[in-house]
Amino acid sequence: MNITEKKIVLEGIDLINFSGINEENLNHIKDSFESTIVLRGDTIFLKGEESEIKNIEKVINELVFLQKRHGNISSKDVSLVLELINSEADQSDKIKEKFGYSHNEIKDIILFKKNDFIKPRTGNQLEYLKKVKENDIVFAIGPAGTGKTYLAVAFAVAALKNKEVSRIVLTRPAVEAGESLGFLPGNLSEKIDPYLRPLYDALEEMIPFEKLGSYIEKRIIEVIPLAYMRGRTINNAFVILDEAQNSTALQMKMFLTRLGPSSKAIITGDITQIDLPKRELSGLVQIQEILKNVEDISFLYFEKSDIVRHKLVKDIIHAYEKYQGQ
């Protein structure tokens, strides 16, 4: 066992809030690890096995970050951070043991979930990961079930977790696909929510429920209709426009010009599933020609072979194509 010692100076934070009432927060951290954890003044002294010390350091740094951002932390914050860090700490070894992945394969994992992980499963999904790493704006175009949206949300959550961005903005055009919003029951929010539900579903798979609720309440994560993007500038954020085939040419221009410094964007859509009125040109169709030669903007095209939903989805799509081609 490789025993190591480390000290962490807690500068510029509220030490009483950090420790908690009767040191509740600090004791919770101590109870979660085997290592020795001692707070003296503004310095935490750690002694224990090297890999565990690294995880304790991650916990402390995350809590310091949260307190500096929000002014205080709660015992609930401590529990959520511990759960996240501890679950991640076990994942790499579990993955190697269970699946026999090499180091190079593990490095392609996009996001760890509790007892699971998200990783590219097809060649185009792996190319998707590479393009997102290398470009500020990526267009992912292809049929349903290819992981365009799900992986985009995973990229965004991973970027937020790694502090590459300070927030996530997810948006969709609330196009009336066969039914009128005006005839749907409820207030505006209740009418729009069904269009945004697939984005919430993806988030709920990747972020613990309580933490997601906190993120949404603090607007660290926003899920909004595309129309609500008008007039905004989105800085230091990961922005996703989903179902972009249902954005008009003007809406697409509006969305792309909202990006501010240190922001990244993914635009996903299926140009075979356009719900716009026939007189309206899809912004996703037009933008492929407009931006095809712009540096740091990349287009990725998924195929039926990339579909990772139920095995029958490919057959259903193929059957529709055959029928429509008659």
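See the structure above.
Residues numbered from 1 in each chain as written. Predicted model: local features only at pLDDT ≥ 70, side-chain atom pairs only at ≥ 80, totals over all residues. Heavy atoms only, no water.

**Observations regarding the sheet that holds strand 8 (residues 221-225)**
Two strands in a sheet stick together by hydrogen bonds in their backbones, pointing the same way (parallel) or opposite ways (antiparallel). With parallel pairing, the six strands of this open sheet are ordered in space as 8-7-9-10-6-11. The open sheet has two edge strands, strand 8 and strand 11 (297-301), and neither has a second partner. Direction aside, neighbouring strands of the sheet carry axes that sit 15° apart on average. Note that strand 7 (residues 167-172) and strand 9 (residues 237-241) share five bridges and pair parallel. Bridge pairing in strand 9 links Val 169 to Val 239. With respect to the sheet, helix 6 (residues 123-134) is in contact with strand 6 (137-141), strand 9, strand 10 (264-269) and strand 11, its orientation differing from that of strand 11 by roughly 170°. (Pairing = 2+ DSSP bridges. Helix = DSSP H or I, 4+ residues; strand = E, 2+ residues; numbered from the N terminus. Axes fitted to C-alpha atoms, helices over the stretch in contact; angles between N-to-C directions. Contact = heavy atoms within 4.5 Å.)

**Observations concerning helix 9 (residues 209-217)**
The set of residues buried in helix 9 consists of Lys 211, Leu 212 and Tyr 215. Buried residues of helix 9 fall within an arc of 100° about the axis and therefore sit on the same side. Across helix 9 from its buried face, at more than 90 degrees, point the exposed residues Phe 209 and Glu 217. Looking one or two residues past helix 9, Arg 219 carries a phi angle of roughly 60°, positive in sign. (Buried < 20%, exposed > 50% of the residue type's maximum accessible area, 1.4 Å probe, protein only. Arc of directions from axis to C-beta.)

**Some thoughts on the packing of helix 6 against helix 7 (residues 148-161)**
For any two helices packed against each other, one specifies the crossing angle of their axes together with the interaxial distance. Interaxial distance between helix 6 and helix 7 falls to 11 Å at its minimum, and their mutual angle equals 40°. In terms of orientation, helix 6 lies oblique with respect to helix 7. The interaxial crossing formed by helix 6 with helix 7 has right-handed handedness. Contacts between helix 6 and helix 7 involve Gln 125, Tyr 128, Leu 129 and Val 132 on the former and, on the latter, Lys 148, Leu 151, Ala 152 and Phe 155. Per-class residue counts for the contact of helix 6 with helix 7 are six nonpolar, one polar and one charged. (Parallel < 35°, antiparallel > 145°, perpendicular 65-115°, else oblique. Left-handed = near helix turned anticlockwise from the far one by under 90°. Nonpolar A, V, L, I, M, F, W, Y, C, P; charged D, E, K, R; others polar.)

The values reported here are purely geometric and, on their own, carry no functional implication.
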